[in-house]
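Chain residues, written in single-letter form:
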Amino acid sequence: MFDDKRTETAPGEPLLRVRNLRKHFPVGGGPFRRPPVAVKAIDDISFEIAQGEVVGLVGESGSGKTTVGRTILRLTEPTSGQILFDGQDVAALTPRQMRAQRKRMQIVFQDPDASLNPRETIRQAIGRALRIHRIGTGADREDRIVALLEQVGLSGDYIDRYPYEFSGGQRQRIGIARALAVEPEFIVADEPVSALDVSVQAQVINLMDDLTQRLNLTMLFIAHDLAVVEHISDRVIVMYLGKIMEIAPSQTLYDAPRHPYTRALMSAVPRPDPTIKRQRTLLQGDIPSPINPPSGCVFRSRCPSAGPECASIIPPLEQVGPGHYSACVKNRQFG
Amino acid sequence: MRPDQGPDQATETEPATLLEVRGLTTCFKTGFDGREINAIEEVSFSVAPGETLAIVGESGSGKSVTSLSVMGLLPPQTGRIAAGSIRFRGRELTTLDNTAMRGLRGNMMSMIFQEPMTSFNPVYTIGHQIAEVIVLHQKLGYRLALRKAVEMLELVGIPEARRRVDNFPHQMSGGMRQRAMIAMALSCEPDLLIADEPTTALDVTIQAQVLELLKDLQARMGMAMIFITHDLGVVAEVADRVCVMYAGQIVETAPVNDIFAAPRMPYTAALLGSMPRLGAGRDRLVPIPGHVPPLSRLPKGCRFRGRCSFARPECAAGEPTLDRIEPGHDVRCFRVGEPDLLQRSAS
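Read on for an overview of the structure.

Conventions and cut-offs
Residues numbered from 1 in each chain as written. Chains lettered and ligands numbered in written order. Predicted model: local features only at pLDDT ≥ 70, side-chain atom pairs only at ≥ 80, totals over all residues. Helix = DSSP H or I, 4+ residues; strand = E, 2+ residues; numbered from the N terminus. Rg over C-alpha atoms; globule rule 2.2 N^0.38 Å. Contact = placed C-beta atoms within 7 Å. Pairing = 2+ DSSP bridges. Nonpolar A, V, L, I, M, F, W, Y, C, P; charged D, E, K, R; others polar. Buried ≥ 20, exposed ≤ 12 C-beta atoms within 10 Å, placed from the backbone. Core = buried A, V, L, I, M, F, W, Y, C linked by C-beta atoms within 7 Å.

**A short note on the overall build of chain B**
- Regarding its fold elements, chain B presents 13 helices and 12 strands.
- The C-alpha radius of gyration of chain B comes to 21 Å, within 12% of the 20 Å expected for a compact globule of 347 residues.
- The C-alpha extent of chain B, read off along each of the three principal axes, is 65 × 50 × 45 Å.
- Residue pairs at least 24 apart in sequence account for 64% of intrachain contacts in chain B once pairs closer than 6 positions are excluded.

Structural data, given as structure tokens:
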């Protein structure tokens, strides 16, 4: 019954609206070097996330997916563009306003080993989040922390333990509990299950699925694993070299991918069935360096369908179906 | 590749095996007190010429320790083979000294690792490092060896191999470095290649390229391969037979089709059930509760029983043995005699 509610596409007002977002990192430069050049980690992307929606963001190395997540929370400053959260431009907030804003927007990192201080107990780690955002007092805080631990499937007795006393999956649960401590509306989950073993990964995916429904959270779920993303997301955004290639509802993306990159990505995923002997669209060559991306369509250097026009036209994201967008000059041909 | 009955005959009748591992136990010193714990226990498997055996398991299952033991690459201060035998072409490896082992490595068996950046020396060119291996093992002169290095780079599909041979490791992309690593490992045409998570650090489109390359080279050169991975999808793509490891033990061995279609050890079935599958939509995943027990605190009896939905009190009583339930299919489970155990739960 939950599923029915969630497969509807984009109900209501978007909670997050990203417009023409760019993040360029300068590289090189220095007294005896050539002038610095810009790596376009994110190059003019726009998308929306509706209230209560889970949107997956997939891409390979250098696609800019992590930078997107960090820029939305302004852990990385955007170069230009708008990040409208509940109508307010996050990119224009002062640091003090931004701190208050983070009560509404939180992040779960990939590696709980690196994001939890090894010398702090769980009480200290989560307690700090409560203190900074002035939530609760003394005894009330302890009850809150216990409740948070229980919410992510850990015993409240663990409150005075240190991170090393937990397994990888448990540490990631603590990372989730910490993000939820300030009762955010929106969460960026940056590869939250990539460091976990398969059997434990499934536990954490289910947990995040439950929590987003129970707490009516809106989430941007970033991962390189298409199967994981498809599993948890209502819609999926596919990125390549700083650009959005395709946006589609999860099921549509799987059933009818339109962009040649999405198709290749899909066919590259190994399937756990030895009896499938499929024809693979094997992409040639490497992902180009983001310092020197191909002109026109960034994917053209590896695209099996690229033509001469692809070198000169930067294909815009065009609607190709209900809630389905693809950035390819041959969109019409691939219908 | 190989017909399915090949490996079975191989284990029954000795001569067709290339590598035969029996009762291998490897232990490591831990902590301050130097107490030894067994990282793998009683591991037995065989590899036939030209065959691909996948060893699959989660972290701490002992899959990498198994491969390092076979290669004689255990860290000398802390790790040692405590029991068992490793026979390669009938020759016992556990009693060989370092010099003799070095003669075998590269020439007869060779290994590729997960992260080629740490496996190459950053201060020498790729070509030099491949040539060095060829000079050492094939007694060729350096110039000839360097020419062979270019040929090897061409073989693994590196464009402009003549120019790339002078690259340093950092000048190559991750995928290209892994190709160069494969070129180095195959430069002396080994009979056995051990690939330890060779595609885990790569992007999925590059992984697809490298897997195709390995399968193609294996067919062309007729070598056997032990493929170590945690990814069941990759297993399905490359393996002829599969060993599933859990907490230091092999818990199931079977031809690849049987592992996926009819797993008999509850762990194998649960692992398959916990995988997110492309196209499965929003179906709920079935995780395995808990986590892999640390080797220092293994439960009594069956090591999986704490997470097993079929566990009974008797599973704590003794350790289950790896029993042959049909030709080529071995399972470590007390309840394996109940044939429809897993099917019933699936329906």
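Picking up where we left off.
**Some details on the pairing of strand S4 (residues 79-88) of chain B**
Residues and elements named next belong to chain B.
- Note: strand S1 (residues 19-30) against S4, 8 bridges, orientation antiparallel. Considered in S4, the bridge of Thr25 is made with Ala83.
- Note that S4 and strand S5 (residues 91-92) share 2 bridges and pair antiparallel. From the neighbouring strand, Phe88 faces S5, where its bridge partner is Arg91.
- Adjacent in sequence and paired antiparallel, S4 and S5 are bridged by 2 residues, among which Arg89 carries a positive phi angle near 50 degrees.

**Considering the interface of chain A and chain B**
- The interface of chain A with chain B comprises 37 residues on the first partner and 40 residues on the second.
- If one sorts the elements of the side of chain A that touches chain B by residue count, helix H8 (residues 198-214) of chain A sits on top with 7 residues.
- When grouped by side-chain class, the residues that make up the side of chain A that touches chain B number 19 nonpolar, 10 polar and 8 charged.

**Digging into the sheet that holds S1(B)**
- Spatial ordering of the open sheet is given by S2-S1-S4-S5 (chain B), a layout of 4 strands whose pairing is antiparallel. Here the strands that pair on one side only, and so sit at the sheet edges, are strand S2 (35-47) and S5 of chain B.

**Observations regarding the environment of B:Ala185**
All names here are of chain B.
- Inspection of the secondary structure puts Ala185 in helix H8 (residues 174-186).
- For Ala185 and Ile112, which are 73 residues apart along the polypeptide, the C-alpha to C-alpha distance reads 6.6 Å.
- What Ala185 contacts, discounting residues up to four positions off in sequence, is Ser110, Met111, Ile112 and Leu193.

**Here's the deal with unusual backbone geometry**
Residues and elements named next belong to chain B.
- With a phi angle near 50 degrees, Glu42 is a residue other than glycine that sits in the positive phi range.
- The topology assignment puts Glu42 in strand S2.
- Note on Glu42: 18 C-beta atoms within 10 Å, which makes it partly exposed.
- Positive phi values are uncommon outside glycine, yet Glu160 reaches one of about 50 degrees.
- Note on placement: Glu160 falls in the loop between helix H6 (142-155) and helix H7 (161-164).
- Judged by C-beta crowding, with 10 C-beta atoms within 10 Å, Glu160 ranks as exposed.

**Focus: the nonpolar core**
- Formed by 199 residues in total, the largest nonpolar core has its most connected members in A:Phe221, B:Ala149, B:Leu153, B:Val235 and B:Val242.
- Looking at which element gives the most residues to this core, the answer is H8(B), with 8 residues.
- If near-sequence neighbours (up to four positions away) are discounted, A:Phe221 is found in contact with A:Val54, A:Val55, A:Gly56, A:Leu57, A:Ala189, A:Val229, A:Ile232 and A:Ser233.

**A look at helix H2 (residues 63-71) of chain B**
Residue and element names in this part refer to chain B.
- Within H2, 8 of the 9 residues are buried, which leaves the element mostly enclosed by the surrounding structure.
- When we look at burial in H2, the residues that qualify are Lys63, Ser64, Val65, Thr66, Ser67, Ser69, Val70 and Met71.
- Phi turns positive one or two residues past the end of H2, at Gly72, with a value near 70 degrees.

None of this, on its own, says anything about what the molecule does.
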